[in-house]
Amino acid sequence: MDYKELNLIGSTSPHLRTRDGAGHIMGEVIIAMLLPLAFGIYNFGPRALAATLVSVAGCCFFEWLYRALLKKNNTLGDLSAVVTGMLIAFVCPVTIPYWILLVGDFFAIVVVKQLFGGVGKNFLNPALAARAFMLSWAGEMSTWVGPRTSTPVFHMAGMEDLPGFLGSLFGTFDAATYPTPMALLHENNLSGLQQMYDLPKMFVGLTGGCIGEVSALLLILCGLFLVWRKVITWYIPVSYIGTVAALTFLFPRGNDPVQWMLYNLLGGGLLLGAIFMATDYVTSPVSHLGQAIFGVGCGLITVFIRYFGAFSEGVCYSILIMNLTVWIIDKNIRPHRFGVPKKTRPEAPRPEPAKKKEEAKKK
């Protein structure tokens, strides 16, 4: 056969083929996120599902539109926009207006992700960057409902008495009556927190908070699933959560150390951030040691903000701050390359005797 008739494709190494592409990995993450989404719907009503669908649709639309306008190839198949949309909804209260969700979707996809080159080139976690931007509407981002509250899909005043299915679609929010566990922790009100939310309820998720952060039990199961499927490693979640546990136990602010530590671990977005946000491939270090350092840094900043900051929660900003340090971590902590011998440090030259130095000067 003439070699000119062969359909040969030249490419650089490595030539290993695997099904674990971006779409497959993101699909595993989506499967894991279905558990906290289902509990969010159970805990907060049908609006939790509606907000998630709106956010996912917004992220997919903005990614398609941006790449279509710039005549680039369509990247919706990698499912990263779906994951970003779900995570943006997960870190918002169920009462968030849909238009603010869409603003956050635009900021995450266009500003944080696509303007820097698309998937794999953003230096900040898109979902957390969007949440930080959406805090410009602080009132809407801090309007909470209590657990087991069936929030209607559309907020319309004067339609509270509609029966059945119509009542689940239209109505008003019974909001701003339930402080979140983090708000009580920020006030150093452990006794009030124990009266409103005991630890079993906190662990299961029968608390107020964002859509996808409330159930510690399901988030832990999601983390174990992702580690088992080798989608993430345990270094960042364990070092992150372990650092928060150690600091809150050692410095309980005058409260019972064990109780204070457990409420800090189960409340807020710590588990959601440690499992789904901090482990993002693009914005976390490559080496295992670097990942452990990254997790410790996230834990330190989280506790610092919770103790001394104006906000009751520090997970969002801690991960974003550590995202900015990934380049220096990867630069200074490089994994050993397989098959390459470690370089030995050259021996320092031995000092010559004084006589030899004098003879060398005379010559």
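Colleague: What should I look at first to understand the nonpolar core in this one?
Modeller: The biggest cluster of nonpolar side chains holds 93 residues, and the ones touching the most others in it are Tyr240 and Phe276. Apart from residues lying up to four places away in sequence, Tyr240 is in contact with Leu270, Ala274, Ala278, Gly295, Cys298, Gly299, Thr302, Val315, Ser318 and Ile319.

Colleague: Mind showing me how you'd approach the confidence of the model for the chain here?
Modeller: Caution is warranted with low-pLDDT regions, since their predicted coordinates should not be read in detail. For the chain, per-residue confidence averages 84 on the pLDDT scale, and residues scoring 70 or more make up 80% of the total. The secondary structure element of the chain with the lowest average pLDDT is helix H6 (residues 164-169), at 50, and the one with the highest is helix H11 (residues 235-250), at 95. This stretch, residues 162-167, has a pLDDT under 50; its non-local contacts, to residues over four places away or in other chains, come to three contacts.

Colleague: Would you explain the packing of aromatic side chains in this entry?
Modeller: Ring pairs (aromatic) are described by centroid distance and by the angle formed between their planes. A full pass over the atoms with the stated rule returns 14 aromatic pairs. An aromatic cluster is built from Phe61, Phe62, Trp64 and Phe106, whose rings are joined through pairwise contacts. The ring of Tyr98 carries the charged tip of Arg47 above its face, separated from the ring centre by 4.3 Å. If you follow Arg253 out to its NZ or CZ, it ends over the ring of Tyr307, 4.9 Å from the centre.

Colleague: Just to check I follow, could you spell out the side chain of Thr279 for this structure?
Modeller: Following the sequence through the fold, Thr279 ends up in the loop between helix H13 (270-277) and helix H14 (288-308). Sequence-distant contacts of Thr279, that is, excluding residues within four places in its chain, are made with Ile232, Ile236, Pro237, Ala274 and Ser284.

Colleague: I tried to follow the environment of Ile305 on my own but got confused; where do I start?
Modeller: With respect to the helices, strands and loops of the structure, Ile305 is situated in helix H14. For the pair Ile305 and Val315, spaced 10 residues apart in the sequence, the C-alpha separation amounts to 8.6 Å. Other than its neighbours up to four places away in sequence, Ile305 contacts Phe311, Glu313, Gly314, Tyr317 and Ser318.

Colleague: I tried to follow the packing of H11 against H14 on my own but got confused; where do I start?
Modeller: The packing of two helices is summarised by the inter-axis angle and the distance between the axes. Two elements in contact, H11 and H14, have axes separated by 7 Å at closest approach and are oriented at 35°. The element H11 and its partner H14 pack so that their crossing is right-handed. Judged by residue contacts, Tyr235, Ile236, Ser239, Tyr240, Thr243, Val244, Leu247 and Thr248 of H11 engage His288, Gln291, Ala292, Phe294, Gly295, Val296, Cys298, Gly299, Leu300, Thr302, Val303 and Tyr307 from H14. For the contact of H11 with H14, the class distribution of residues is 12 nonpolar, eight polar and no charged.

Colleague: Would you mind going over a nonpolar patch on the surface with me for this structure?
Modeller: A cluster of nonpolar residues, Leu35, Phe203, Val204, Leu217, Ile220, Leu221 and Leu224, forms a patch on the protein surface that exposes about 550 Å² of accessible area. Of all the secondary structure elements, the ones that give two or more residues to the nonpolar patch are helix H9 (199-204) and helix H10 (216-228). Residue contributions to the nonpolar patch peak at four residues, all from H10. Along the chain, Val204 turns up in helix H9.

Colleague: In this structure, what is going on with the side chain of Ser80? I would like to understand it.
Modeller: Residue position: Ser80 is located in helix H3 (residues 80-90). A residue is classified by how much of its surface remains accessible, and Ser80, at 6% relative accessible area, is buried. At a separation of 2.9 Å, a polar atom in the side chain of Ser80 contacts the side chain of Asp78. Apart from residues lying up to four places away in sequence, Ser80 is in contact with Met26, Glu63, Lys113 and Val119.

Rules of the game
Residues numbered from 1 in each chain as written. Predicted model: local features only at pLDDT ≥ 70, side-chain atom pairs only at ≥ 80, totals over all residues. Heavy atoms only, no water. Core = buried A, V, L, I, M, F, W, Y, C linked by side-chain atoms within 4.5 Å. Buried < 20%, exposed > 50% of the residue type's maximum accessible area, 1.4 Å probe, protein only. Contact = heavy atoms within 4.5 Å. pLDDT = per-residue confidence, 0-100. Helix = DSSP H or I, 4+ residues; strand = E, 2+ residues; numbered from the N terminus. Phe/Tyr/Trp six-rings, centres within 6.5 Å; stacked < 30°, edge-to-face > 60°. Lys NZ or Arg CZ within 6 Å of the ring centre and 35° of its normal. Axes fitted to C-alpha atoms, helices over the stretch in contact; angles between N-to-C directions. Left-handed = near helix turned anticlockwise from the far one by under 90°. Nonpolar A, V, L, I, M, F, W, Y, C, P; charged D, E, K, R; others polar. Patch = residues over 30% accessible without salt bridge, like charges linked within 9 Å, V, L, I, M, F, W, Y side chains within 5 Å. Areas by Shrake-Rupley, 256 points an atom, 1.4 Å probe, with all protein chains shown as cover. Salt bridge = Lys/Arg side-chain N within 4 Å of Asp/Glu carboxyl O. Polar contact = N/O pair within 3.5 Å; in protein donor to acceptor, adjacent residues only side chain to side chain.

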